[in-house]
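In case you want the letters, here they are:
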Amino acid sequence: MTWNLRLQTLFWLVGGLIAPAIGQECTPLFPVRIDHSGLLDVNLIAAGDLNGDGFSDVVAGQSGGALVVLLGNGDGTLGPPGRSYSVGAGTREIILVDVDADGDLGIVTVNAVANTVSVLRNRGNAEFDRLADSYAGRSPSAVAAGRLNGDGHVDLLVANADDRAVSMLLGDGSGLFERSGVFTVGNRPASVVLADLDGDGDLDAAVANANSYNVSILLNNGDGTFAEQAKRKRGGYDIVAGDLDDDGDADLAVGGAFEINVFLNRGDGSFSLPTAYPVSGIAGRLAIADFDRDGNLNIEALVGFDPAYLLVFRGNSTGRYGEPEVYNAGTSTADLAIADFDRDLDTDLAIPSVNTDTIYVFLNQFPGDCPGDFDRDGCVDAQDVLAFLNAFNAGDPAADLDGNGVFDGAGLLLFLALFDAGC
């Protein structure tokens, strides 16, 4: 028997003996929750640096139709509510975007009762001027912003629930927008996302249609007009885009009724059949970010309403997801925002609760480098032993922990020492 064969046999013997006996030491992503109370009827939220101080701030929407700004302190806490701003009636979504190319984030809302989009231009110090509202369509429910027609200005694409359509609002670079086109989608569009879906360098659109329960794919012709592709089954209530399988294409995750569906992009704007992940209620709001800093995108879902739960599905570069981590998200919560609220270079979450008049800030405390967690799932467990053995036998450089280019007994001992130390 050669030395290499003996070593591999030893590895598998060690794995077979210790893996079944190992317990599980898991590190939750969000062990800390800070509650900010006293915000009457807060039901919507957006986050970003509004005054240029490097701290993440919050714009909170109140069910009565007002917006209020809370400046971040840089430690996960928020300052007291500042000035209140009125917008159109029936606000359904808030986004932050630099509407006038001055480097400051402005505020855009879609207003379902008023059938308008409201724009608040930032003076640079987190104080805002409301510009003229723009007609969007009937019962606008969601909005996405991006440069759509090649003129360099930020434009808006609005999902209008009662029109079964999205409307294009072209920006003039000053913060003003004018409706210029309407594109048919499914029944009661609830959410829209912009991404380069076909790899041609311009922004396309994907729309989640609530009543027809499908997804409309709109490919940009390069001039801000869109050609609809075949609708994809299994739609829902919120849609987000990101490279979930690490192949350079923008994939889609869609929150639906008791499920989250993941559509993997083939690279040309067409998508695989969805993979469904069951959840315990309506997945009404999603986000995508690399919360554990392993280079793979995670999916975050706000599920249910009263009570509501935050689900975190950790990614692994394949576009496949295991069981999620589950956190209590309070009651009557229907929106979320992501930002680095405590300036530790990882992504946190904020969720408003209308019944408790509270914003919950979930601080990401993932330790980052944890050599014992070889498969980067947040748990030091038997799966790490098996993953290391497989990588070692395959000659994967990731298993060469001492960096000497040799897969030998010293590598086994080093891994066992790191594994024993945990995180």
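Just above sits the structure.
Fair warning: this is a prediction, and the values are worked out from it, not measured in the lab.

Student: Can you explain the overall build of the chain? Please cite residues and give values.
Tutor: In terms of regular secondary structure, the chain is built from three helices and 31 strands. Its C-alpha radius of gyration of 24 Å places the chain within 12% of the 22 Å reference for a compact globule of 423 residues. Once the C-alpha set of the chain is aligned to its principal axes, its extents read approximately 80 × 45 × 40 Å. Going through the 423 residues of the chain one by one, you find that 53% of them count as buried. Of the contacts formed within the chain by residues at least 6 apart in sequence, a portion of 45% connects residues at least 24 apart. Surface summary for the chain: the accessible area is close to 16,800 Å², and the carbon and sulfur share equals 51%.

Student: An account of the packing of aromatic side chains is requested, with residue identities and associated values reported.
Tutor: Applying the stated criterion across every chain, the model contains ten aromatic pairs. Taken together, a centroid distance of 5.6 Å and an interplanar angle of 85° make the contact between Tyr 85 and Phe 128 edge-to-face. Here Tyr 85 is found in strand S6 (residues 84–86), whereas its partner Phe 128 is found in strand S10 (residues 128–130), with 43 residues between them in sequence. Residues Tyr 277 and Tyr 321 carry aromatic rings whose centres are separated by 6.0 Å and whose planes lie at 85° to one another, so their mutual orientation is edge-to-face.

Student: Summarise the sheet that holds strand S2 (residues 32–37); cite the residues concerned and give the values.
Tutor: Judged by pairing direction, the sheet is antiparallel, and its four strands sit side by side in the order S2-S30-S29-S28 without closing on themselves. Each edge of the sheet is formed by a strand with only one pairing partner; in this case those strands are S2 and strand S28 (337–339). Strand-to-strand, the axes of this sheet are offset by a mean angle of 25°, without reference to chain direction. Here S2 pairs with strand S30 (residues 358–363) via six bridges, running antiparallel. When the sheet's bridge partners are listed, Asp 35 is paired in S30 with Tyr 360.

Student: How would you sum up the pattern of salt bridges? Please name residues and give values.
Tutor: Side chains bearing opposite charge may pair, as long as their charged atoms lie close to each other. In the structure shown here, the tally under the stated rule is 14 salt bridges. The partner of Asp 35 in a salt bridge is Arg 33, with the nearest N and O atoms 2.9 Å apart. With a shortest N-O distance of 3.9 Å, Asp 346 and Arg 293 are connected by a salt bridge. Residue Asp 346 is found in the loop between S28 and strand S29 (348–353), and its partner Arg 293 is found in the loop between strand S24 (275–289) and strand S25 (298–304); the two are separated by 53 residues along the sequence. We classify Asp 346 as buried; its relative accessible area is 4%. In this structure Arg 293 comes out as partly exposed when scored by relative accessible area, which is 40%. A network of salt bridges, in which partner residues are shared, links Glu 93, Asp 238, Arg 285 and Asp 335.

Student: A description of the pairing of strand S14 (residues 165–171) should follow, citing residues and the corresponding values.
Tutor: Extensive coverage of S14 is indicated by the burial of six of its seven residues. The pairing of strand S13 (residues 155–160) with S14 spans five bridges and is antiparallel. Paired with Ala 159 across the strands is Val 166, a residue of S14. Hairpin remark: S13 followed by S14, antiparallel, with four residues in the connecting loop; positive phi at Arg 164, about 55°. Here S14 runs beside strand S15 (residues 177–184); their pairing, made up of seven bridges, is antiparallel. Bridge assignment links Ala 165 to a residue of S15, and that residue is Thr 184. In this antiparallel pair of consecutive strands, S14 and S15, the connection spans five residues, and Gly 173 shows a positive phi of 90°.

Student: Tell me about the pairing of S29, and please be specific about residues and values.
Tutor: The element S29 is largely enclosed, with a buried count of six among its six residues. Where S28 meets S29, three bridges bridge the pair, whose relative direction is antiparallel. Bridge pairing links Ile 338 to Leu 349 in S29.

Student: Please set out the environment of Asp 246 residue by residue, giving values where relevant.
Tutor: Note that Asp 246 resides in the loop between strand S21 (238–242) and strand S22 (251–255). Note on Asp 246: relative accessible area 52%, which makes it exposed. Sequence separation between Asp 246 and Ser 317 is 71 residues, and the spatial gap between their C-alpha atoms is 5.1 Å.

Student: Account for helix H2 (residues 382–393), with residues named and values stated.
Tutor: Taking 1.5 Å as the rise per residue, H2 with twelve residues should run 16 Å; its terminal C-alpha atoms sit 17 Å apart, in good agreement. Inspection of H2 places Ala 382, Asp 384, Val 385, Phe 388, Leu 389, Ala 391 and Phe 392 among the buried residues, and these make up the whole buried set. Count one or two residues on from H2 and you reach Gly 395, which has phi positive near 70°.

Student: Explain the sheet that holds S6 to me, using residue names and the numbers behind them.
Tutor: Within the open sheet, the four strands sit side by side as S3-S4-S5-S6. Their pairing is antiparallel. In this open sheet, the two strands that pair with only one neighbour each are strand S3 (42–48) and S6. Pairs of neighbouring strands in the sheet enclose a mean axial angle of 25°, with direction left out of account. Bridge count for strand S4 (residues 57–62) against strand S5 (residues 66–70) is four bridges, and the pairing is antiparallel. Directly across from Ala 60, in S5, lies its bridge partner Val 68.

Student: How would you sum up the environment of Pro 324? Please name residues and give values.
Tutor: Within the secondary structure, Pro 324 is located in the loop between strand S26 (308–313) and strand S27 (325–328). The exposure class assigned to Pro 324 is partly exposed, which follows from its relative accessible area of 22%. The spacing of Pro 324 and Asp 384 is 60 residues in sequence and 18 Å in space, taken between C-alpha atoms. For Pro 324, the residues in contact, after removing those within four places along its chain, are Leu 311, Val 312 and Phe 313.

Here is what the cut-offs are and how they apply
Residues numbered from 1 in each chain as written. Predicted model: local features only at pLDDT ≥ 70, side-chain atom pairs only at ≥ 80, totals over all residues. Heavy atoms only, no water. Helix = DSSP H or I, 4+ residues; strand = E, 2+ residues; numbered from the N terminus. Rg over C-alpha atoms; globule rule 2.2 N^0.38 Å. Buried < 20%, exposed > 50% of the residue type's maximum accessible area, 1.4 Å probe, protein only. Contact = heavy atoms within 4.5 Å. Areas by Shrake-Rupley, 256 points an atom, 1.4 Å probe, with all protein chains shown as cover. Phe/Tyr/Trp six-rings, centres within 6.5 Å; stacked < 30°, edge-to-face > 60°. Pairing = 2+ DSSP bridges. Axes fitted to C-alpha atoms, helices over the stretch in contact; angles between N-to-C directions. Salt bridge = Lys/Arg side-chain N within 4 Å of Asp/Glu carboxyl O. Expected span 1.5 Å × (residues − 1).

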